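# Examining the three-dimensional arrangement
One-letter residues, chain by chain:
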Amino acid sequence: MSNKIKVLIVDDSALIRELLTNILNSEPDIEVVGKASDAYFAVDKIKQVNPDVITLDIEMPKVNGLVFLENIMKSNPLPVIVISSLTEKGSATTIKALQLGAIDFVSKPKSDINSEFPKLRDEIIQKIKVAYNASEKFKKRKKTLKSYQETKVEFSQKTSKIIAIGSSTGGVEAITTLLKHLPSNIPPIVIVQHMPEKFIGPFTKRLDSYFDFTVKTAEDNEPLK
């Protein structure tokens with residue numbers, strides 16, 4: 001890689017900012033170009049350092065991370081990795097962050113931060129690199145979804161076929177946006193989303209609450225309607 005991945009750290013904890021900086025700067029391909037303790041400071045830092053990837057805490061003073069994330073995705077879409085103690089497996093907070101556009105998440109340790117957080121090094125670095133590699137496609141996908149939102153899909157006749165969707169990184173947001181613009185009289189849809197098993201239930205329930213059609217977890221031998 002000719003240029004280092006520029007990372008902006010957004011976290012209200014000085015300890016986490018220090019630990020995360022040490023982890024990321026220990027990787028030859030990554031450089032921490034800025035740190036912010038709250039959302040307001042982060043907005044200014046984005047303009048100053050033009051980061052490739054942002055790491056974001058959720059529980060912060062003044063403006064929480066979810067509000068900041070939603071605003072960033074609307075105004076200046078950038079790959080975001082959520083690093084927060086609130087993003088435990090199966091939590092609604094995690095699902096909401098992914099639906100708002102976060103690329104992925106890392107759960108902070110609940111105790112012994114000094115000794116436990118460095119153990120997340122490989123996971124954090126791997127996800128930062130995945131986010132960076134998706135950055136150009138990420139920005140193009142935002143434009144594609146924006147243009148798609150201007151149209152509605154209609155089905156003129158019944159069909160015996162089904163719609164199949166497969167997705168991984170970024171899929172939570174993309175699936176939510178796609179389904180929002182489909183009519184209720186659609187053929188059956190089957191979705192394969194790469195995510196931890198404990199996320200499936202909360203994600204399914206959130207989708208089902210949004211739409212006129214039913215969204216549920218698949219069961220063996222269940223007929224598609």
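Use the structure listed above.
Residues numbered from 1 in each chain as written. Predicted model: local features only at pLDDT ≥ 70, side-chain atom pairs only at ≥ 80, totals over all residues. Heavy atoms only, no water.

## Brief notes about helix H3 (residues 65-75)
Cut-off, in case you're wondering: Buried, partly exposed and exposed residues are distinguished by accessible area as a fraction of the type maximum, computed with a 1.4 Å probe on protein chains only: under 20%, between the cut-offs, and over 50%, respectively. Only DSSP runs of H or I with at least four residues qualify as helices, and only runs of E with at least two residues qualify as strands; both kinds are numbered from the N terminus onward. Working definition: the arc comes from the directions between the helix axis and the C-beta atoms, pointing outward to the latter.
All buried positions along H3 are accounted for by Gly65, Leu66, Phe68, Leu69, Ile72 and Met73. Looking down the long axis of H3, one finds its buried residues gathered within 160° of arc, a one-sided arrangement. For H3, the exposed residues lying more than 90 degrees away from the buried face are Lys74 and Ser75.

## Topic: the pairing of strand S3 (residues 53-56)
Inclusion rule: For two strands to count as paired, DSSP must find a minimum of two bridges between them.
Residue alternation in S3 divides its side chains into two sets, Val53 and Thr55 and Ile54 and Leu56, and both sets are buried. Across three bridges, S3 lies against strand S4 (residues 80-84) in parallel orientation. Its bridge partner lying in S4, Thr55 is registered against Ile81.

## Things to note about the pattern of salt bridges
Test applied: Whenever a carboxyl oxygen of Asp or Glu lies within 4 Å of a side-chain nitrogen of Lys or Arg, that contact is scored as a salt bridge.
Tallied over the entire structure, the rule returns 13 salt bridges. Across the salt bridge formed by Glu70 and Lys74, the nearest N and O atoms sit 3.6 Å from each other. Here Lys74 and Glu70 lie together in helix H3, a separation of four residues that amounts to about one turn. As a salt-bridge pair, Glu219 and Lys216 come within 3.0 Å of each other at their nearest N and O atoms. Overall, the relative accessible area of 41% leaves Lys216 in the partly exposed class. Here the salt bridges share partners, and the residues they tie into one network are Glu27, Asp29, Arg121, Asp122 and Lys129.

## A few points about the sheet that holds S4
Note the threshold: Axis definition: a line fit to C-alpha positions, over the contact stretch in the case of helices; interaxial angles, taken between N-to-C directions, run 0 to 180 degrees.
In space, the five strands of this open sheet follow the order S2-S1-S3-S4-S5, with parallel pairing throughout. Two strands in the sheet have a free side with no partner beyond their single neighbour: strand S2 (30-36) and strand S5 (104-107). For this sheet, the mean inter-axis angle between neighbouring strands, taken without regard to orientation, is 25°. Here strand S1 (residues 5-10) runs beside S3; their pairing, made up of four bridges, is parallel. By the bridge assignment, Val7 is partnered in S3 with Val53.

## What to know about the environment of Asp11
Spelled out, the test is: The contact definition used throughout considers only heavy atoms, calling two residues in contact when any of these lie within 4.5 Å.
Its location among the elements puts Asp11 in the loop between S1 and helix H1 (14-25). Residue class for Asp11 comes out buried when judged on its relative accessible area of 2%. Asp11 sits 27 residues away from Asp38 along the chain, and the two C-alpha atoms are 6.6 Å apart. Apart from residues lying up to four places away in sequence, Asp11 is in contact with Ile16, Arg17, Ala36, Ser37, Asp57, Met60, Ile83 and Lys108.

## Quick word on a nonpolar patch on the surface
To keep things clear, this is the line we draw: Patches here: salt-bridge-free residues with over 30% relative accessible area, like charges joined within 9 Å, nonpolar side chains (Val, Leu, Ile, Met, Phe, Trp, Tyr) joined within 5 Å. Computed with the Shrake-Rupley method and a 1.4 Å probe, the accessible areas treat only the protein chains shown as cover for residues.
The grouping of Ile162, Val190 and Leu224 at the surface amounts to a nonpolar patch, some 240 Å² of accessible area in total. Following the sequence through the fold, Val190 ends up in strand S7 (residues 189-193). Owing to a relative accessible area of 31%, Val190 belongs among the partly exposed residues under this scheme.

## Considering the nonpolar core
Proteins that are soluble and globular tend to have nonpolar side chains buried together. Filter applied, for reference: In this text, buried Ala, Val, Leu, Ile, Met, Phe, Trp, Tyr and Cys residues form a nonpolar core when linked through side-chain atoms within 4.5 Å.
Counting 38 residues, the largest nonpolar core has Val10, Ile54, Leu56 and Leu69 as the members making the most contacts within it. Those elements that place two or more of their residues in this core are S1, helix H2 (39-49), S3, H3, S4, helix H4 (92-100), helix H8 (171-180) and helix H9 (197-210). Ranked by residue count, the leading element in this core is H3, at five residues. If we ignore the near neighbours within four places in the chain, the residues touching Val10 are Ala36, Asp38, Ala42, Ile54, Thr55, Leu56, Asp57 and Met60. Among the nonpolar cores identified, the runner-up in size contains 21 residues, and Ile5, Ile83, Phe117 and Ile125 belong to it.

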